[in-house]
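# Report on the structure
Chain residues, written in single-letter form:
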Amino acid sequence: MSYAIFQLARAHRAHAAALLRAMDLHPGQELLLMQLFDRDGQTQSELLESVGLDHSTVSKSLRRMQDAGLLVREPAAHDRRVMVVHLTDKGRSMREPIAALWQTLEETSVRNLTEQQAESFVDTAYAITEALTSRALPQDGSE
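To start, this report covers the structure provided alongside it. This structure is a prediction, so every number in the text was calculated from the model and none was measured.

Another point: the packing of helix 2 (residues 29-38) against helix 6 (residues 95-110). Two elements in contact, helix 2 and helix 6, have axes whose closest approach is 11 Å; the angle formed by their N-to-C orientations is 125°. Classified by the angle between their axes, helix 2 and helix 6 sit oblique to one another. At the point where helix 2 passes helix 6, the crossing takes the left-handed sense. Contacts between helix 2 and helix 6 involve Glu30, Leu31, Leu33, Met34 and Phe37 from the former and Arg95, Ile98 and Trp102 from the latter. Here the contact of helix 2 with helix 6 is built from residues that sort into six nonpolar, no polar and two charged.

It is worth spelling out the sheet that holds strand 3 (residues 83-87) at this point. With antiparallel pairing, the three strands of this open sheet are ordered in space as 1-3-2. Each of the sheet's edge strands pairs with one partner strand only, and the pair in question is strand 1 (42-43) and strand 2 (71-75). Where strand 1 and strand 3 come together, two bridges link them in antiparallel fashion. From the neighbouring strand, threonine 43 faces strand 3, where its bridge partner is valine 84. Those strands touched by helix 4 (residues 55-67) are strand 2 and strand 3, and its axis lies near 115° from that of strand 2.

What follows covers the pattern of salt bridges. For the structure on display, the rule yields four salt bridges. Put simply, arginine 39 and glutamate 46 hold a salt bridge, and the shortest N to O gap is 3.5 Å. Under the relative-accessibility criterion, arginine 39 is labelled partly exposed at 42%. Salt-bridge contacts for arginine 81 lead to aspartate 79; the nearest nitrogen and oxygen are separated by 3.0 Å. Owing to a relative accessible area of 19%, aspartate 79 belongs among the buried residues under this scheme.

On to the nonpolar core, then. Within soluble globular proteins, side chains that are nonpolar tend to cluster in buried spots. Counting residues in each nonpolar core, the largest one holds 19 residues, and the members touching the most others are Leu25, Leu32, Leu33, Leu62, Met94 and Ile98. At the level of secondary structure, the elements contributing two or more residues to this core comprise helix 2, helix 3 (44-51), helix 4, strand 3 and helix 6. Residues contacting leucine 32, with those up to four places away along its chain left out, are Leu47, Val51, Val58, Ser61, Leu62 and Met65.

Tracing the chain through its elements places isoleucine 128 in helix 7 (residues 115-134). When residues no more than four places from it in sequence are discounted, the contact partners of isoleucine 128 are Met1 and Ile5.

With five bridges connecting them, strand 2 and strand 3 associate as antiparallel partners. Bridge pairing links valine 72 to histidine 86 in strand 3.

Among the structural elements, aspartate 79 can be located in the loop between strand 2 and strand 3. Within the structure, the side chain of aspartate 79 is placed 3.0 Å from the backbone nitrogen of arginine 81, a separation counted as a polar contact.

Before going further, it helps to spend a moment on the packing of helix 3 against helix 4. Viewed as axis vectors pointing N to C, helix 3 and helix 4 meet at an angle of 115°, and their least axial separation amounts to 10 Å. Pair helix 3 / helix 4 crosses with right-handed handedness. Contacts between helix 3 and helix 4 pair Gln44, Leu47, Leu48 and Val51 from the former with His55, Val58 and Leu62 from the latter. Looking at the contact of helix 3 with helix 4 residue by residue, the class counts come to five nonpolar, two polar and no charged.

The rules behind each value
- Residues numbered from 1 in each chain as written.
- Predicted model: local features only at pLDDT ≥ 70, side-chain atom pairs only at ≥ 80, totals over all residues.
- Heavy atoms only, no water.
- Axes fitted to C-alpha atoms, helices over the stretch in contact; angles between N-to-C directions.
- Helix = DSSP H or I, 4+ residues; strand = E, 2+ residues; numbered from the N terminus.
- Parallel < 35°, antiparallel > 145°, perpendicular 65-115°, else oblique.
- Left-handed = near helix turned anticlockwise from the far one by under 90°.
- Contact = heavy atoms within 4.5 Å.
- Nonpolar A, V, L, I, M, F, W, Y, C, P; charged D, E, K, R; others polar.
- Pairing = 2+ DSSP bridges.
- Salt bridge = Lys/Arg side-chain N within 4 Å of Asp/Glu carboxyl O.
- Buried < 20%, exposed > 50% of the residue type's maximum accessible area, 1.4 Å probe, protein only.
- Core = buried A, V, L, I, M, F, W, Y, C linked by side-chain atoms within 4.5 Å.
- Polar contact = N/O pair within 3.5 Å; in protein donor to acceptor, adjacent residues only side chain to side chain.

The structure is reproduced here in structure tokens:
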């Protein structure tokens, strides 16, 4: 099962990456944009926590996105060391194309499944995620 999950994740990510490249985005940048669509003006720390990526990945993505004119980062009024991220008009204009991308990815992903199979898959995926994230990692016995 683990290999099937790995293959699925790899295929899904590769297909998503190809769709994102057509929009001049790198994987993960759409997640940051979606967070900002929901609530513009978040701090880098808030974005980092919401997408679950590591600090260096988020920082690099935000820098690339700023260079592409999708967002701006400015020091917070309450603490100049804290950076607040705001969408530009160009960034805001990505809302509909990203929604369409996710819809296309979803339709492609389920095209060989019945509605019941798709629903069952989602339930199963969440159950596996819960099993993996709710268990403590095995101890190495060195204690």
